[in-house]
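Descriptive analysis of the structure
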Amino acid sequence: MTRPVIEVRGLGKRYRLGTMPGLGRRLVSLLKRSGDMTASDFWALRDVHFDVDEGEVIGVIGRNGAGKSTLLKVLSRITYPTVGQAVIRGRLASLLEVGTGFHPELSGRENIYLNGTILGMRKAEIDRQFDAIVDFSGVERFLDTPVKRYSSGMYVRLAFAVAAHLEPEILVVDEVLAVGDAEFQKKCLGKMSDVARRGRTVLFVSHNMSAVQALTQRCVWLAQGSAVGVGPTPEVVSDYLNSMTGSSTVDVTDAPRDQPHHASRVRLRRISALMPGGFGFPFNDELLFEIELESYAAHSGLRFGLTVRDASGAPVLSSITPPAVSTVDGETSVHQLSLSDTRLAPGSYTVGLSVCAGGAEEGRDLLDVVQDGPMFAVCSIGRQGDQVFNWRPEYGRIVHPSAVVTRLPSRPVEAAA
Amino acid sequence: MSSAITDLDASSPRREVVLRPEGAGRLFDAAELWRYRDLLWRLGLRDIQVRYKQTLLGAGWAVVQPVVMMVVFSLVFGRMLGVATNVKAPYPIFVYAGLLPWTFFTAAVSASSLSLVSNAGMLRKIYFPRLLMPLSAMLAPLADLLIAFVVLGGMMLWYGVDLNWGLMLLPAAVASVVLAAAGVGTLLAALTVSYRDIKHVIPFLIQVWLFVTPVIYPLDLADQWAWLLGLNPMAGPISAFRAMVLGNAIDVWAWMQSIVVSLAVLGLALWMFARSERRFADVV
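This text gives an overview of the structure that appears in the document. (Residues numbered from 1 in each chain as written. Chains lettered and ligands numbered in written order. Predicted model: local features only at pLDDT ≥ 70, side-chain atom pairs only at ≥ 80, totals over all residues. Heavy atoms only, no water.)

1. A look at the overall build of chain A
Counting secondary structure elements, chain A contains 8 helices and 20 strands. When contacts within chain A are restricted to residue pairs at least 6 apart in sequence, those whose partners lie at least 24 apart make up 72%. Surface accessibility of chain A: about 19800 Å² in total, with carbon and sulfur atoms responsible for 51%. (Helix = DSSP H or I, 4+ residues; strand = E, 2+ residues; numbered from the N terminus. Contact = heavy atoms within 4.5 Å. Areas by Shrake-Rupley, 256 points an atom, 1.4 Å probe, with all protein chains shown as cover.)

Below you can see the structure in the form of structure tokens.
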């Protein structure tokens, strides 16, 4: 089997915006005696080329609206290309289709058969997998209850159980990491690596760069409908991230200051959180900030103080840089500040920043303080594929890496005598 | 589970699909439809299962509509307007035997034509031959037709209609009614995707159609206009159906004429469907 499983050649998809196509338009323009019904064209995909080999796990990345979903729609035959062609060799199934065709009035049992058939399973196949599906879903007690009475969790579990027992030759996973609860995401990832381990092909579409890096070997990067990068994941992802290092930026030039003398010698102007992909820092990745400083005098030996607060406003950590920052009178300077190994739990945070001169001996001299800097997020998946699932606020804000258990010598239980 | 997978691999060789702007370039792919027969059946079964959930009468509703229509028509046309004098059978059974295929036809046509729009969610998410949608929508009305046959049997006993050999041909008459409904339903389904006006046209169309179809009156009432009625894909099948039930002579000429028209309509419908099929997911 040397031929690729998916072959995409010059694929393009055009959508017409705004007007009614076909007979309707012709009639209307006839009635109006004018041909001014111009449709504006929108190319959701243009001239896309790539191959996917058997057993490959390939990532599709790009911003919202780059054409990822359109590509999937074309490959899964929901819509047709406008130009070019694609060849699919083998049965393709998508985890997008979880629960497609579920009917609320039908029982769990009836829906397993209906949904399984819609997903392309034969009756004999469903019969054979039925017990496994029911086990996996954990809803056996409600098998004969209409699914409209199911809790949403049960509903999703049942739907996923059916999809998980599909045996596609090509599996398409689209953004499932973004929906559903953590448990569900874990199952999806599990199913994916399961399918990949069996040597089947997986097409993984995601915004989550950490997951893409952990799970795929090659990537297709789409931008405005074109495949601007196809190649090994590390290269494509880093090109992609460089092209769009998203940031959460706050202009603090005119933000209120607590003390009137603040910002009189040095003023904080802008603080940015440089999150890869603009979505958040991967778990335990380096937190990177950019600070713009305006100086009204020459300074040297300045320090930055940084405080991270959680979503409720409680401070989580603070750090003070060495006294190494210097400025020139009348100049604006930009500084990068990074924190590594924070073990910050997934969630969203805000940053507060201060600039000070001096140290412990001569007493610290605060030059400027800004409480409300930019917000940033920490994702649940790290760069090395380590994942933090089901983290809850009551566990705190730090994931401690290395709790140690030591078993002490045991003693027999003393009899009451 | 792993053994099941190897079984599956052995039984299903890799199928190659080429996606091109022009698509398959034919009216319909019979082999593909056959591969998807499970889905056709399952979608029809869904409609049947869902239809009478949480209803009081359940499957009895399949009988209520033709029976009520029969009573009304018997009173209005049979008694007051005296159509009954032209009929060689008790008017209630005459009109009921016409209403059975007619009720199926109207239900099947409206379900088929709306099937793509009402299942838009599925069309946007997954591939299957789109033709399955209007075709499977006819299965539930077909089940209703079978149930309504029970009442027909009762009426035949009541009015003392003899069993005759013509009854053996009923499946053929039903098949020609299904053919007519498939053509009209698929055609309207293809149109409904782009033109939602069709939804408003259907009830009106069906009302008018009833009067140009020999449901409440016999086909031969139309005398010299009978050939024109033959252009109606439902005229021949209904009168043939009724003749089989009542043991009268079957107007084979009118029946065949209607079948030819039905085939032509179906051909047109498949052509229209194939043309608009490509745009379904984008437009629906």
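Read on, since the account is not over.
2. Some points on the packing of helix α5 (residues 91-118) of chain B against helix α9 (residues 170-194) of chain B
Residue and element names in this part refer to chain B. Between α5 and α9, the least distance of the axes is 7 Å, while the angle of their chain directions is 30°. Classed by the angle they form, the pair α5 and α9 counts as roughly parallel. Seen from above, α5 lies across α9 with right-handed handedness. Only Val177, Val178, Ala180, Ala181, Val184, Gly185, Leu188, Ala189, Thr192 and Val193 of α9 make contact with α5, whose side of the interface consists of Pro101, Phe104, Phe105, Ala108, Val109, Ser112, Ser113, Leu114, Leu116 and Val117. A class-by-class count of the residues in the contact of α5 with α9 yields 16 nonpolar, 4 polar and no charged. (Axes fitted to C-alpha atoms, helices over the stretch in contact; angles between N-to-C directions. Parallel < 35°, antiparallel > 145°, perpendicular 65-115°, else oblique. Left-handed = near helix turned anticlockwise from the far one by under 90°. Nonpolar A, V, L, I, M, F, W, Y, C, P; charged D, E, K, R; others polar.)

3. Here's the deal with helix α12 (residues 235-246) of chain B
Residues and elements named next belong to chain B. Taking 1.5 Å of rise per residue, the 12 residues of α12 would be expected to cover 16 Å, and the 17 Å separating its terminal C-alpha atoms lies within 8% of that figure. Counting buried residues along α12, 12 of its 12 residues qualify, which places the element largely inside the surrounding structure. Within the sequence span of α12, burial applies to Ala235, Gly236, Pro237, Ile238, Ser239, Ala240, Phe241, Arg242, Ala243, Met244, Val245 and Leu246. After α12 finishes, the residue Gly247 shows a positive phi value of roughly 75°. (Expected span 1.5 Å × (residues − 1). Buried < 20%, exposed > 50% of the residue type's maximum accessible area, 1.4 Å probe, protein only.)

4. Considerations on the interface of chain A and chain B
Listed by partner, the interface residues are 57 residues for chain A and 40 residues for chain B. Around 4400 Å² of area is buried between chain A and chain B when both sides are counted, 56% of it from carbon and sulfur atoms. In terms of surface lost to chain B, no three residues of chain A exceed Arg77, Ile78 and Tyr80 of chain A, which account for 17% of the buried area on that side. Linking chain A with chain B are 4 salt bridges, by the criterion used here. Where Arg122 of chain A meets Asp38 of chain B, a salt bridge forms, and the shortest distance between an N and an O atom there is 3.2 Å. (Buried area = accessible area lost by both parts, 1.4 Å probe. Salt bridge = Lys/Arg side-chain N within 4 Å of Asp/Glu carboxyl O.)

5. Some thoughts on the pattern of salt bridges
Residue and element names in this part refer to chain A. Going through the model one piece at a time under the given rule, you end up with 21 salt bridges over all chains. In this structure, the salt-bridge partner of Glu105 is Lys148, at a minimum N-O distance of 3.1 Å. Linking Glu105 in the loop between β5 (92-94) and α3 (108-118) with Lys148 in the loop between α4 (123-137) and α5 (152-164), this pair joins segments that are 43 residues apart in sequence. Relative accessible area serves as the criterion here: at 23%, Glu105 is assigned to the partly exposed category. Arg198 serves as the salt-bridge partner of Glu167, at 3.1 Å between the closest nitrogen and oxygen.

6. Focus: the environment of Thr82 of chain A
Among the structural elements, Thr82 of chain A can be located in the loop between α2 (68-75) and β4 (83-89). Along the chain, Thr82 of chain A and Leu45 of chain A lie 37 residues apart, while their C-alpha atoms are 9.2 Å from each other. Setting aside chain neighbours within four positions, we find Thr82 of chain A in contact with Gly12, Lys13, Arg14 and Trp43 of chain A together with Pro21 of chain B. One polar contact links the side chain of Thr82 of chain A to the main-chain amide nitrogen of Arg14 of chain A, over a distance of 2.7 Å. (Polar contact = N/O pair within 3.5 Å; in protein donor to acceptor, adjacent residues only side chain to side chain.)

7. As for the packing of aromatic side chains
On inspection of all chains with the given rule, the structure shows 12 aromatic pairs over all chains. Residues Phe142 of chain A and Tyr150 of chain A carry aromatic rings whose centres are separated by 6.5 Å and whose planes lie at 65° to one another, so their mutual orientation is edge-to-face. Following the ring pairs from residue to residue traces out a cluster consisting of Phe281, Phe289, Tyr349 and Phe376 of chain A. When the ring centre of Trp34 of chain B is taken as origin, the NZ or CZ atom of Arg37 of chain B, which lies over that ring, is 4.1 Å away. (Phe/Tyr/Trp six-rings, centres within 6.5 Å; stacked < 30°, edge-to-face > 60°. Lys NZ or Arg CZ within 6 Å of the ring centre and 35° of its normal.)

8. Description of the nonpolar core
Nonpolar side chains tend to gather and get buried jointly when the protein is soluble and globular. Ile61, Ile112 and Met192 of chain A together with Leu116 and Phe128 of chain B are the most contacted members of the largest nonpolar core, which has 64 residues in total. In terms of residues, this core owes the most to one element, α5 of chain A, which gives 8 residues. When near neighbours in sequence (up to four residues on either side) are disregarded, Ile112 of chain A contacts Ile126, Phe130, Ile133, Val134, Leu143, Leu158 and Val162 of chain A. Formed by 57 residues, the second largest nonpolar core is a distinct cluster that contains Leu100, Ile198, Trp209 and Val215 of chain B. (Core = buried A, V, L, I, M, F, W, Y, C linked by side-chain atoms within 4.5 Å.)

9. A short note on a nonpolar patch on the surface
All names here are of chain B. Residues Val201, Phe204, Leu205 and Val208 make up a contiguous nonpolar surface patch of roughly 330 Å² in combined accessible area. Considering the arrangement of structural elements, one finds Phe204 in helix α10 (residues 197-211). The class for Phe204 is exposed, based on a relative accessible area of 55%. (Patch = residues over 30% accessible without salt bridge, like charges linked within 9 Å, V, L, I, M, F, W, Y side chains within 5 Å.)

10. A short note on the sheet that holds strand β9 (residues 226-232) of chain A
Residues and elements named next belong to chain A. Taken in spatial order, the 6 strands line up as β5-β6-β7-β3-β8-β9 in an open sheet, and their pairing is mixed. Lying at the two open borders of the sheet, with one neighbouring strand each, are β5 and β9. Shown here is a sheet whose adjacent strand axes are inclined to one another by a mean of 20°, direction ignored. Note: β5 against strand β6 (residues 170-174), 3 bridges, orientation parallel. (Pairing = 2+ DSSP bridges.)

11. Side note on the pairing of strand β11 (residues 266-275) of chain A
Residues and elements named next belong to chain A. Burial analysis of β11 places 8 of its 10 residues in the buried class, the great majority of the element. Relative to strand β13 (residues 287-295), β11 runs antiparallel, the two sharing 7 bridges. Counted as the bridge partner of Arg267 is Glu294 from β13.

12. Digging into unusual backbone geometry
All names here are of chain A. With phi around 50°, Asp47 is a residue other than glycine that occupies positive phi space. Locating Asp47 in the fold gives a position in strand β2 (residues 40-52). Exposure remark for Asp47: the relative accessible area of 52% places this residue in the exposed category. With phi around 50°, Gln224 is a residue other than glycine that occupies positive phi space. Assignment of secondary structure puts Gln224 in the loop between β8 (218-223) and β9.

13. Describing the environment of Gly10 of chain A
All names here are of chain A. Along the chain, Gly10 turns up in strand β1 (residues 6-17). Spatially, the C-alpha atoms of Gly10 and Leu45 are 9.4 Å apart, while their sequence positions differ by 35 residues. Beyond its immediate sequence surroundings of up to four residues, Gly10 is in contact with Asp47, Val48, His49, Val83 and Gly84.

14. A few points about the pairing of β13 of chain A
Residues and elements named next belong to chain A. Counting buried positions over the 9 residues of β13 gives 9, a clear majority of the element. Going residue by residue along β13, you find Leu287, Phe289, Ile291, Leu293 and Ser295 tucked away on one face and Leu288, Glu290, Glu292 and Glu294 tucked away on the opposite face as well. The pairing of β13 with strand β17 (residues 332-339) spans 8 bridges and is antiparallel. Paired with Glu292 across the strands is Val334, a residue of β17.

15. Re the side chain of Ser276 of chain B
Along the chain, Ser276 of chain B falls in helix α13 (residues 252-277). Under the relative-accessibility criterion, Ser276 of chain B is labelled buried at 7%.

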